[in-house]
Amino acid sequence: MSTADTKALITQVITDFQREVPALAKLKLVFELELRGRGDIQLFRVEVPGPKITRDIASDAKVRLSVPRAEFNELAKDNTIRHWREQFTVGHVSASGPPEILKLIANVVLKQEERTRTRRLSARNQAS
């Protein structure tokens, strides 16, 4: 996969994630995305909102996100916050950085999942 294809895939993942978690759409953050392949590591500097993506070491990054390349491709196909959370839980995806930033993002995602779950339940109850 070429760098242009990878950048487009990263853009798609971020756009879909921001659509699912609108509270994070305006978060200003620079993070480093590390995609680990077979004997190869690709580093991308990602700046949101935007996103602005460059294939470079992100020396100004606050957060570092590390994902196996094959797993990133799968996450891009089924790009839901539930799938991302599951991959964090099992350890396939890891994030490092200041605990307050990681905690903020985790809390916003958790609250969004609760809102989504509540909406589905109330819609299901109204349909009954």
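Residues numbered from 1 in each chain as written. Predicted model: local features only at pLDDT ≥ 70, side-chain atom pairs only at ≥ 80, totals over all residues. Heavy atoms only, no water.

Novice: Describe helix H1 (residues 3–20), with residues and values.
Specialist: In this model, H1 (18 residues) spans 26 Å end to end at C-alpha, consistent with the 26 Å of a helix rising 1.5 Å per residue. Restricting attention to buried positions, one finds in H1 the residues Thr6, Leu9, Ile10, Val13, Ile14, Asp16 and Gln18. Next to the buried residues of H1 lie strand S1 (29–36), strand S2 (41–48), strand S3 (52–54), helix H2 (69–77) and helix H3 (81–90). (Helix = DSSP H or I, 4+ residues; strand = E, 2+ residues; numbered from the N terminus. Expected span 1.5 Å × (residues − 1). Buried < 20%, exposed > 50% of the residue type's maximum accessible area, 1.4 Å probe, protein only. Contact = heavy atoms within 4.5 Å.)

Novice: I'd like a rundown of the pattern of salt bridges, residues and numbers included.
Specialist: Within this structure, the stated rule accounts for nine salt bridges. Between Arg45 and Asp60 there is a salt bridge whose closest N-O contact spans 2.7 Å. In this pair, Arg45 is assigned in strand S2 and Asp60 in the loop between S3 and strand S4 (63–68), connecting sequence segments 15 residues apart. Classification of Asp60 as partly exposed rests on a relative accessible area of 38%. Of the charged contacts, one joins Lys77 and Glu74 as a salt bridge, the two residues approaching to 3.4 Å between their closest N and O atoms. (Salt bridge = Lys/Arg side-chain N within 4 Å of Asp/Glu carboxyl O.)

Novice: Account for the pairing of S1, with residues named and values stated.
Specialist: Strand residues, when the strand is regular, have side chains that alternate between the two faces of the sheet. Most of S1 is tucked away, with seven of its eight residues classed as buried. Bridge count between S1 and S2: eight bridges; the pairing is antiparallel. Within S2, the position partnered with Leu29 by the bridge is Val48. Turn length for the S1-S2 hairpin, with the two strands adjacent in sequence and antiparallel, is four residues, and the turn residue Gly39 shows positive phi of about 70°. (Pairing = 2+ DSSP bridges.)

Novice: How would you explain H2 if you had to name every residue and give the values?
Specialist: Where H2 is concerned, the buried positions are Arg69, Glu71, Phe72, Leu75 and Ala76. Viewed along the axis of H2, the buried residues span an arc of 155°, placing them on a single side of the element. Residues Ala70 and Lys77 are exposed on H2 and point more than 90 degrees away from its buried face. Taken together, the buried residues of H2 touch H1, S1, S2, S4 and H3. (Arc of directions from axis to C-beta.)

Novice: Pulling in residues and values, what's your account of the sheet that holds S4?
Specialist: In space, the five strands of this open sheet follow the order S3-S2-S1-S4-S5, with mixed pairing throughout. In this open sheet, the two strands that pair with only one neighbour each are S3 and strand S5 (94–96). For this sheet, the mean angle separating the axes of adjacent strands, direction not counted, is 20°. Contacts from H1 reach S1, S2 and S3, with the element oriented near 45° to S2. (Axes fitted to C-alpha atoms, helices over the stretch in contact; angles between N-to-C directions.)

Novice: Describe the nonpolar core, and please don't skip the residues or the numbers.
Specialist: Core analysis: the largest hydrophobic core is formed by 20 residues, its most contacted members being Ile10, Phe31, Leu33, Val46, Val67 and Phe72. Contributions of two or more residues to this core are made by H1, S1, S2, S4 and H2. With five residues, the next largest nonpolar core counts Leu24, Ile81, Val108 and Val109 among its residues. (Core = buried A, V, L, I, M, F, W, Y, C linked by side-chain atoms within 4.5 Å.)

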